[in-house]
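Topology and contacts: notes
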Amino acid sequence: MKYDIWFTLFSMVASVISSFIAFYITMPKNINWYKIAFGGFFMGSGIVTMHYMGMAAMIMPVEVSYDKELWALSVLIALIASYAALLLFLRFRNQSSSSWLKWLSAVIMGFAICGMHYTGMKAANFHAQHGIMGGEVSIDFFLLYGVTVTIFFILMVSWGAMFLDRHVLERLAYHDTITGLPN
């Protein structure tokens, strides 16, 4: 199995753009219910687009068809859970930075992505083309290590930014840089 690079990139771009739109719509302090609904719609649509465009990016010796009911259920899961996660996040965004309620909204978003993905995969039916199946299964270790290193790098950058935000900038804001005394 291989991936079409353009479909894969468009899948990523769709998720980034939909997340940007969702957060941009819900950024103001006072927002109406319809802005939350639009934000949840865009986030859920981004998850759905990312998944099914990623499925279309797979180049393999099988044809994929989808069970319509399970496909619709996967879309519904993504939309409802995205809306709920966004609603919870907005409801509790003024809580302390380590609020368990913010963690709950992140967990619900994780369930939205996983629930949509696994329901979408259950909806997928793979039909083998005659005479093509078979052969040896191989693992592309370059791809495996590349993805692992990239994920590790992203985690390190985000943890570094969080450390800078929490410790260094807080110290600069509350203490004099020359004497070290509190401001």
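Residues numbered from 1 in each chain as written. Predicted model: local features only at pLDDT ≥ 70, side-chain atom pairs only at ≥ 80, totals over all residues. Heavy atoms only, no water.

Some details on helix α5 (residues 141–174)
Rule in force here: Runs of E in the DSSP output that reach at least two residues are strands. Runs of H or I that reach at least four are helices, and both are numbered from the N terminus. To estimate the expected span of a helix, subtract one from its residue number and multiply by 1.5 Å. For a residue, the bend is simply the angle between two axes, fitted respectively to the seven-residue segment ending there and the seven-residue segment starting there.
For α5, which comprises 34 residues, the first-to-last C-alpha distance of 48 Å matches the rise-based estimate of 50 Å (1.5 Å per residue) to within 8%. Along α5, the helix axis deviates most sharply at Leu-164, where the bend reaches about 35°.

Some words on the environment of Leu-144
Along the chain, Leu-144 falls in helix α5. In the structure, Leu-144 is positioned 24 residues away from Val-168 in sequence and 35 Å away in space, judged by C-alpha atoms.

Overview of the confidence of the model for the protein chain
Using the following cut-off: As a per-residue measure, pLDDT reflects the predictor's confidence and takes values from 0 up to 100. Two residues form a contact once any of their heavy atoms are found within 4.5 Å.
Per-chain confidence: the protein chain averages 80 in pLDDT, with 90% of residues scoring 70 or above. Throughout residues 131–135 the model reports pLDDT below 50, and contacts reaching past four residues in sequence, or to other chains, amount to 4 contacts.

Quick look at the nonpolar core
Keep this limit in mind: Think of a nonpolar core as a cluster: buried Ala, Val, Leu, Ile, Met, Phe, Trp, Tyr and Cys residues, connected wherever their side-chain atoms sit within 4.5 Å. Accessibility here uses a 1.4 Å probe with only protein chains present; expressed as a share of the type maximum, an area under 20% marks a residue as buried, one over 50% as exposed, and anything in between as partly exposed.
Judged by nonpolar contacts, the single largest core of 16 residues is most densely connected at Met-43, Ile-47, Val-48, Ala-78, Leu-90, Met-109 and Met-116. Secondary structure elements with two or more residues in this core: α2 (33–56), α3 (68–91) and α4 (100–123). Apart from the residues lying within four places of it in its own chain, the contact partners of Met-109 are Met-43, Ile-47, Ser-82 and Ala-85.

Side note on the packing of aromatic side chains
What counts here: Note on ring pairs: Phe, Tyr and Trp rings are taken, using the six-membered ring of Trp, and paired if centres are within 6.5 Å. Classes follow the plane angle, with under 30 degrees stacked, over 60 edge-to-face and the rest tilted.
Overall, the coordinates contain 4 aromatic pairs when judged by the stated rule. Taking 5.9 Å as the distance between ring centres and 20° as the angle between the ring planes, the aromatic pair formed by Phe-20 and Tyr-24 counts as stacked. Of this pair, Phe-20 and Tyr-24 both sit in helix α1 (residues 5–25), 4 residues apart, which is roughly one turn of that helix. A relative accessible area of 56% places Phe-20 in the exposed class. Residue classification places Tyr-24 among the exposed residues on the basis of a relative accessible area of 52%. Centre to centre, the rings of Phe-41 and Phe-42 are 5.8 Å apart; their planes meet at 70°, and the pair counts as edge-to-face. Given the relative accessible area of 29%, Phe-42 is considered partly exposed.

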